[in-house]
Amino acid sequence: MTSLLQRRETQLFLILLLMLVFIGIRAPVFFSAQSMDTLLTDLAILAMVASVQMLAIMTRGIDLSVAANIALTGMVTAMLSSEFPAMPVWQTVMTALGLGLMLGTVNAVLIANVGIPPIVVTLGTMSIYRGMVFVVSDGNWVNAHELAEQYLGFPIDRFLTLTNIVWISVVLLALLHLFLSRHRHGRELYGLGGNPEAAKYVGINEKQKLYIVYCLTGMVSGLCGYLWVARYAVAYTEVALGFELSTVAACVIGGVSMAGGIGTVLGTVLGSAFLVLIFNALPVINVSPFWQMAISGSVILIAVILNSINDRPQMKVILKKAQLATAKGAA
């Protein structure tokens, strides 16, 4: 019981419950069906992108281009829908995944093959992709009346009262959890992030793992580009501006170590829920926009401090496991 309460996921879950009680007392309207629906949809998109951001951070990297990827892919799919209104939804989804994969592969090549640090690569591609949004659209918006009915309809259609966006997120997060917990490539990501030198010594292919990570971040960001534009029914040059910082914050709050090797899908989802709850609740309880920024920043800073404290014993465990793996490899 004590070890369960010490887990970051349990602590976050209890904090979320307390926050919900407090918000419910201050503003009961927050628990209306419409408000909860908005909350779940916001959570679905943030959790999907934050979960793949987690993979990059776990391997001692970061992907700052995810939001620019969302904007570019969303704009391209919106323009295609406007130009070819009869395009089936599955083709739109495949286009979003394919373009996202291509953008992610650019990052992967520069990081894995050229050896440029991830923060430098993705900072550069973030600017390039943002610029490309303006180039392909010529600075114009694609508004709701220009988008095909099926383009707008699929993400917000409902199954068992929940939107397709939420169901897509549930499936993707479940698959990612299984990948990290059951698949060899997923488990090796923890070893690569925890101790890169020992990982190389026992035969973990670093380049291969980095390709997996950054191609996945690209594909999921591309998919979310379509979902984002369809949900808000508009594509413009500043879609998802600053969203990459929210994904990093969700990871940090959820217990993902910036030093690598530590992180869970559940923790990232709870970290995303924490942020979404704050962003949606503060305006409802009449907190000033200036205080909203201060509160959000303070929460992230506290999470980083807690992570740095909690990471020390966990990193010792990871290093011991890596040393044992190295000893077995030598034997």
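For the structure itself, consult the block above.
Residues numbered from 1 in each chain as written. Predicted model: local features only at pLDDT ≥ 70, side-chain atom pairs only at ≥ 80, totals over all residues. Heavy atoms only, no water.

Draft legend 1. Quick look at the layout of surface pockets. Space inside the second largest pocket adds up to approximately 280 Å³. Surrounding the second largest pocket, Val52, Leu97, Ile168, Val171, Leu172, Leu175, Leu176, Phe179, Leu216, Met219, Val220 and Leu223 form its lining. Mapped by element, the contributors of at least two residues to the lining of the second largest pocket are α8 (164-182) and α11 (206-232). Partitioning the lining of the second largest pocket into residue classes produces twelve nonpolar, no polar and no charged. (1 Å grid on protein atoms, 1.4 Å probe; cavity = no way out; pocket = protein on both sides within 12 Å on 5 of 7 lines; lining within 4 Å. Points joined across faces, edges and corners; volume = space filled by probe spheres on them. Helix = DSSP H or I, 4+ residues; strand = E, 2+ residues; numbered from the N terminus. Nonpolar A, V, L, I, M, F, W, Y, C, P; charged D, E, K, R; others polar.)

Draft legend 2. Focus on the environment of valine 170. Secondary-structure assignment places valine 170 in helix α8. For the pair valine 170 and alanine 44, spaced 126 residues apart in the sequence, the C-alpha separation amounts to 7.8 Å.

Draft legend 3. How the structure looks around a nonpolar patch on the surface. Side chains of Phe13, Leu14 and Leu17 sit close together on the surface and give an oily, nonpolar patch of about 270 Å² of accessible area. Note on placement: leucine 17 falls in helix α2 (residues 8-26). (Patch = residues over 30% accessible without salt bridge, like charges linked within 9 Å, V, L, I, M, F, W, Y side chains within 5 Å. Areas by Shrake-Rupley, 256 points an atom, 1.4 Å probe, with all protein chains shown as cover. Salt bridge = Lys/Arg side-chain N within 4 Å of Asp/Glu carboxyl O.)

Draft legend 4. Just the environment of tryptophan 90, in detail. Among the secondary structure elements, tryptophan 90 is positioned in helix α5 (residues 89-113). Between the C-alpha atoms of tryptophan 90 and tyrosine 151, which are 61 residues apart in sequence, the distance is 9.8 Å.

Draft legend 5. Geometry of the packing of aromatic side chains. Taken as a whole and assessed by the stated rule, the structure comprises five aromatic pairs. Here tryptophan 228 and tyrosine 232 contribute two aromatic rings whose centre-to-centre distance is 5.7 Å and whose plane-to-plane angle is 50°, an arrangement assigned as tilted. Here tryptophan 228 and its partner tyrosine 232 are both found in helix α11, four residues apart, which amounts to about one turn of the helix. For tryptophan 228, a relative accessible area of 16% corresponds to the buried category. For tyrosine 232, a relative accessible area of 41% puts it in the partly exposed group. Among the aromatic side chains, those forming a connected cluster through ring pairs are Trp228, Tyr232 and Phe243. (Phe/Tyr/Trp six-rings, centres within 6.5 Å; stacked < 30°, edge-to-face > 60°. Buried < 20%, exposed > 50% of the residue type's maximum accessible area, 1.4 Å probe, protein only.)

Draft legend 6. Seen up close, α11. Here α11 spans 39 Å end to end across 27 residues, near enough to the 39 Å set by a 1.5 Å rise per residue. For α11, the buried fraction is high: 19 of the 27 residues fall into the buried class. Measuring from the backbone nitrogen of lysine 207 back to the side-chain oxygen at the start of α11 gives 3.2 Å, which picks out asparagine 205 as the cap. At the C-terminal side of α11, alanine 233 shows a positive phi close to 60°. (Expected span 1.5 Å × (residues − 1). Polar contact = N/O pair within 3.5 Å; in protein donor to acceptor, adjacent residues only side chain to side chain.)

Draft legend 7. Representation of the side chain of threonine 59 in the model. Mapping threonine 59 onto the fold places it in the loop between α3 (33-58) and α4 (66-83). In contact with threonine 59, not counting residues within four places along its chain, are Leu189, Leu192, Gly193, Leu210 and Val213. (Contact = heavy atoms within 4.5 Å.)

Draft legend 8. Quick look at the nonpolar core. With 90 residues, the main nonpolar core has Met54, Ile70, Tyr151, Leu180, Phe243 and Phe274 as its most contacted residues. No other element matches α3, which puts 15 residues into this core. With near-sequence residues (within four places) excluded, methionine 54 lies in contact with Leu180, Cys251, Val256, Gly263, Thr264, Val265 and Thr268. (Core = buried A, V, L, I, M, F, W, Y, C linked by side-chain atoms within 4.5 Å.)

Draft legend 9. Structural view of empty space enclosed by the protein. Taken as a whole and judged by the stated rule, the model has one cavity of 30 Å³ or more. By volume, the largest cavity amounts to about 30 Å³. If you go around the largest cavity, the residues you meet are Asp63, Ser65, Val66, Asn69, Leu103, Gly104, Asn107, Tyr129, Thr217, Gly218 and Ser221. Only α4, α5 and α11 provide two or more residues apiece to the lining of the largest cavity.

Draft legend 10. Spatial organisation of the packing of α3 against helix α13 (residues 265-284). Taken N-terminus to C-terminus, the directions of α3 and α13 make an angle of 135°; their axes are 8 Å apart at the nearest point. With respect to their mutual orientation, α3 and α13 come out oblique. Our pair here, α3 against α13, has a crossing hand that is right-handed. For the pair α3 and α13, the contacting residues are Thr38, Leu39, Asp42, Leu43, Leu46, Ala47, Ala50, Ser51 and Met54 in the first and Val265, Thr268, Val269, Ser272, Ala273, Leu275, Val276, Leu277 and Asn280 in the second. (Axes fitted to C-alpha atoms, helices over the stretch in contact; angles between N-to-C directions. Parallel < 35°, antiparallel > 145°, perpendicular 65-115°, else oblique. Left-handed = near helix turned anticlockwise from the far one by under 90°.)

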